[in-house]
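What follows is each chain in one-letter form.
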Amino acid sequence: MTSEPIITARGVTRRFGGLVALDSVDLDVPKGIVHAIIGPNGSGKTTLLNALSGASHADAGSIRIAGEEIFRLKPHRIARLGLARTFQNIRIFDNLSVLENVKVAAACNKPTPFFDILAANARHKQNETGIDSTARDALETVGLAGRADDQPSQLPYAQRRLLEIARALASKPSVILLDEPAAGMNMTESMTLLDTIAKLKSHGITILLVEHNVRLVMGISDRVAVLDFGKKIAEGTPSEVQRNPLVIEAYLGRRHRHA
Amino acid sequence: MSSALKRWPVVAASLAALAIPLITQDSYVIQLLNIAILNTIVVLGLNFVTGWAGQINFGQAAFYGLGAYTTAIATKSGLPWITTPFLSAIVVIAASLALGLPTMRLRTYYLAMTTIGFGEIIRLIIVHWEPVTGGTSGLRAIPGISIFGIGPEGQIQHYYILVIALALAILIAAHIRRSVLGRAMIATRDSEIAAEQSGVDTTRTKLAAFMIGATYAGLAGCLYASSIRFISPDSFSGTQAILLMTMLIVGGMGSIVGCVFGAVALTILPEALRFLGQWYLVLYGLGVIAVIVLAPGGLASLGPRLQWRQAGVR
């Protein structure tokens with residue numbers, strides 16, 4: 001864990017009225033690992049992802065991606081700096097084909113001036129070709145290459161989740177935030193998902209994983225941070241975290257320790 | 001196979017459009033078709049911002065009017081016709097930029113309200129700036145299309161010019177739909193947050209859709225003034241803005257074919273039902289409601305549904 005962190009968050013705080021959803025959270029995510037964030041319902045996991053990705057800005061704090069300060073940047077700027085994400089409740093573009101969904105993100109750092117599009121010139125064509133191959137590669141990685149021309153509504157639920165991952169991958173990010181990727185998946189589908197996550201890691205992409213299913217997290221994560229009531233209560237390797245009394249208390253309640 | 005299936009109706013429709021003047025040369029019919037074509041171009045423009053980018057825009061009729069009045073005023077004051085498409089485009093691009101820049105950061109309903117206000121302002125200016133715009137009686141005897149002294153004569157030649165303009169408008173729209181920008185527009189409509197997190201600048205995308213749409217309307221307005229030769233505030237009122245939106249919804253949001261069906265059907269239908277006298281509005285209204293209830297995807301969604309039925313999918 002000596003490599004420099006790809007995500008450095010300091011004092012990230014988010015309030016919703018009187019509720020402190022994130023209370024001065026610090027987080028360092030080293031490059032190239034699978035880092036999980038776990039915690040009971042309402043502990044602030046998704047709020048933290050939203051703050052990191054710019055979907056819903058933090059009220060205070062500092063967030064750096066590869067050394068670049070992104071606090072309060074618009075989400076598309078953060079995406080262009082190399083941070084992609086998926087959503088807890090799937091957000092697919094239903095009126096685009098499977099391939100086009102991924103192409104949207106594949107265009108992430110390939111801005112085409114309107115004139116080039118209108119003139120349909122060589123630069124436009126070259127750009128579209130590049131976008132097409134990036135998008136097809138991403139579909140290949142998650143195993144959806146055969147469904148490229150289908151509509152997303154024709155995909156089963158688990159494959160829609162994989163489509164979101166392909167879309168995140170297509171923006172060629174250095175970090176992907178996965179928000180409860182296994183939600184609603186059965187055992188076989190979760191296994192496919194784990195394979196996909198391992199594949200992303202082997203591409204050198206850092207994974208920040210928010211997950212409810214603790215067993216799934218422990219098997220694949222290099223590091224785990226635990227949130228409870230908006231505070232980070234523990235961090236370490238999966239086995240360290242599992243033995244941490246504060247974590248056990250957060251998940252099971254105080255009384256169970258004596259039982 | 002699917003692309004071949006898609007292609008032949010387009011070829012058939014194009015041939016039919018080109019053959020119409022061989023069947024009828026009734027000036028009333030041709031004039032009506034000319035207006036239908038112009039409305040189609042305006043609705044294609046509306047489809048960028050409303051059908052694809054998902055923003056409600058009631059200002060499209062005002063952009064149509066701005067283009068028409070710019071052209072009429074320019075040519076009547078002696079400028080050569082060739083300058084008018086550029087002038088009309090510049091005016092509507094400037095107006096849509098000024099209107100879109102502050103509102104596109106906000107969500108759907110704010111644009112709807114802003115554009116309603118904008119439409120009313122344009123209408124009031126047209127009605128009250130009488131020395132220039134002719135007020136409620138409009139402008140007559142507008143000089144026609146003419147490039148270095150060569151221009152179309154009679155309605156049938158105008159019809160062919162408008163058919164060519166429509167074909168260009170359709171090709172450009174289809175090209176943009178297949179480009180980075182078209183995908184970004186639909187992504188913005190389907191999920192603004194997912195589009196942003198995929199690197200799409202949604203504010204810029206919405207603004208681009210709004211401005212391209214306004215340009216379509218402005219250029220259609222230019223052609224309206226110089227081919228119909230008479231304009232009045234009624235053609236570009238708030239009622240017209242709602243009618244354009246209805247054409248888009250009845251035809252099928254987001255579908256180029258739908259824009260053509262919707263605009264042509266709803267331009268011709270009121271005239272075709274005129275023999276019913278005052279009752280025509282009742283039938284017209286019922287027809288619109290029937291389409292919205294029975295085919296929520298618009299007329300354009302009926303085609304694929306028939307094909308599925310034949311293939312036994314549904």
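Residues numbered from 1 in each chain as written. Chains lettered and ligands numbered in written order. Predicted model: local features only at pLDDT ≥ 70, side-chain atom pairs only at ≥ 80, totals over all residues.

A. Focus on the overall build of chain A. Along chain A, the regular secondary structure elements total 10 helices and 10 strands. A compact globule built from 259 residues should have a C-alpha radius of gyration of about 18 Å, and chain A, at 19 Å, falls within 12% of that. Counting only C-alpha atoms, chain A reaches 70 × 40 × 40 Å along its principal axes. Taken over 259 residues, chain A has a buried fraction of 43%. (Helix = DSSP H or I, 4+ residues; strand = E, 2+ residues; numbered from the N terminus. Rg over C-alpha atoms; globule rule 2.2 N^0.38 Å. Buried ≥ 20, exposed ≤ 12 C-beta atoms within 10 Å, placed from the backbone.)

B. Spotlight on the domain arrangement of chain A. Residue and element names in this part refer to chain A. Here chain A is described as being made up of domain 1 (1-82 + 174-259) and domain 2 (98-172). Contact with domain 1, which involves 10 residues of that partner, is made by 12 residues of domain 2. For the side of domain 1 that touches domain 2, the secondary-structure elements that each account for two or more residues are α2 (75-80) and α7 (187-202). If you tally residues by element for the side of domain 1 that touches domain 2, the top one is α7, at four residues. Class assignment of the residues belonging to the side of domain 1 that touches domain 2 gives a composition of five nonpolar, two polar and three charged. (Domains from an automatic or database assignment. Contact = placed C-beta atoms within 7 Å. Nonpolar A, V, L, I, M, F, W, Y, C, P; charged D, E, K, R; others polar.)

C. Looking closely at the pairing of strand β7 (residues 175-179) of chain A. Residues and elements named next belong to chain A. Burial of β7 is extensive: five of the five residues sit out of reach of the surface. Of the two faces of β7, both are covered, the one formed by Val175, Leu177 and Asp179 as well as the one formed by Ile176 and Leu178. As judged from the five bridges shared by β7 and strand β8 (residues 206-210), these two strands associate in the parallel manner. Looking at β8, one finds that Asp179 is bridged to Val210. The parallel pair β7 and β8, bridged by α7, forms a crossover whose chirality is right-handed. (Pairing = 2+ DSSP bridges. Right-handed = clockwise from strand over helix to strand, strands pointing away.)

D. Focus on the pairing of strand β1 (residues 5-16) of chain A. Residue and element names in this part refer to chain A. Bridge count for β1 against strand β2 (residues 19-30) is eight bridges, and the pairing is antiparallel. Pairing of Val12 across the sheet is with Val25, part of β2. As consecutive antiparallel partners, β1 and β2 are separated by two residues, and within that stretch Gly17 has a phi angle of approximately 60°, a positive value.

E. Quick peek at the interface of chain A and chain B. Facing the 29 residues of chain A at the interface are 22 residues of chain B. Of all the secondary-structure elements, those providing two or more residues to the side of chain A that touches chain B are α2, β6 (83-85), α3 (98-106) and α4 (114-119) of chain A. Grouping the amino acids of the side of chain A that touches chain B by side-chain chemistry returns 15 nonpolar, six polar and eight charged.

F. Looking closely at the sheet that holds β6 of chain A. All names here are of chain A. With mixed pairing, the six strands of this open sheet are ordered in space as β6-β7-β8-β3-β9-β10. The open sheet has two edge strands with one neighbour each: β6 and β10 (231-236). Each strand of the sheet is rotated relative to its neighbour by a mean of 20°, with strand direction disregarded. Relative to β8, α7 is tilted by about 145°, and along the sheet it contacts β3 (34-38), β7 and β8. (Axes fitted to C-alpha atoms, helices over the stretch in contact; angles between N-to-C directions.)

G. Fine view of the packing of helix α7 (residues 154-177) of chain B against helix α10 (residues 202-228) of chain B. Residues and elements named next belong to chain B. Two elements in contact, α7 and α10, have axes whose closest approach is 12 Å; the angle formed by their N-to-C orientations is 175°. As far as their axial angle goes, α10 and α7 are roughly antiparallel. For the pair α7 and α10, the contacting residues are His158, Leu162, Ala165 and Ala169 in the first and Tyr216, Leu223 and Ser227 in the second. Among the residues forming the contact of α7 with α10, the class breakdown is five nonpolar, two polar and no charged. (Parallel < 35°, antiparallel > 145°, perpendicular 65-115°, else oblique.)

H. Inspection of the nonpolar core at higher detail. Counting 155 residues, the largest nonpolar core has Ala166 and Ile176 of chain A together with Ile41, Val42 and Ala220 of chain B as its most contacted members. If you tally residues by element for this core, the top one is α10 of chain B, at 15 residues. Each of two domains, domain 1 (1-82 + 174-259) and domain 2 (98-172) of chain A, supplies a minimum of three residues to this core. Dropping the residues within four chain positions of it, Ala220 of chain B is found in contact with Leu38, Ile41, Val42, Tyr64 and Gly67 of chain B. (Core = buried A, V, L, I, M, F, W, Y, C linked by C-beta atoms within 7 Å.)

I. The arrangement of the packing of helix α5 (residues 122-142) of chain A against helix α6 (residues 157-170) of chain A in detail. Residues and elements named next belong to chain A. α6 packs onto α5 with a crossing angle of 135° between their chain directions and a minimal axis gap of 8 Å. With respect to α6, the axis of α5 lies oblique. Helix-helix and strand crossings are classified by hand; for α5 and α6 the assignment is right-handed. Contact residues: Thr134, Ala135, Ala138, Leu139, Thr141 and Val142 in α5; Leu162, Ile165, Ala166, Leu169 and Ala170 in α6. The class makeup of the residues in the contact of α5 with α6 is nine nonpolar, two polar and no charged. (Left-handed = near helix turned anticlockwise from the far one by under 90°.)

J. How the structure looks around the sheet that holds β2 of chain A. Residue and element names in this part refer to chain A. Here four strands make up an open sheet; going across it, the order is β2-β1-β4-β5 and the pairing antiparallel. Bordering the open sheet on either side are β2 and β5 (68-69), each of which pairs with just one other strand. With five bridges connecting them, β1 and strand β4 (residues 60-65) associate as antiparallel partners. Bridge pairing in β4 places Ile7 opposite Ile65. On the sheet, helix α1 (residues 45-53) packs against β1, β2 and β4 and is oriented at approximately 115° with respect to β1.

K. Seen up close, α10 of chain B. All names here are of chain B. Between its terminal C-alpha atoms α10 stretches 38 Å, which fits the 39 Å expected from 27 residues at 1.5 Å a residue. Counting buried positions over the 27 residues of α10 gives 24, a clear majority of the element. Arg229, located one to two residues past α10, shows a positive phi value of around 70°. (Expected span 1.5 Å × (residues − 1).)

L. Region of the structure containing unusual backbone geometry. For Ala120 of chain A, which is not a glycine, the phi torsion comes out positive at approximately 50°. Relative to the assigned elements, Ala120 of chain A resides in the loop between α4 and α5. Residue Ala141 of chain B is not a glycine yet carries a positive backbone phi of 50°.

M. Expanded view of the environment of Ser43 of chain A. All names here are of chain A. Structurally, the position occupied by Ser43 is in the loop between β3 and α1. For the pair Ser43 and Leu169, spaced 126 residues apart in sequence, the C-alpha to C-alpha distance is 27 Å. Setting aside anything within four residues of it in sequence, one finds Ser43 in contact with Leu227, Asp228, Phe229 and Gly230.

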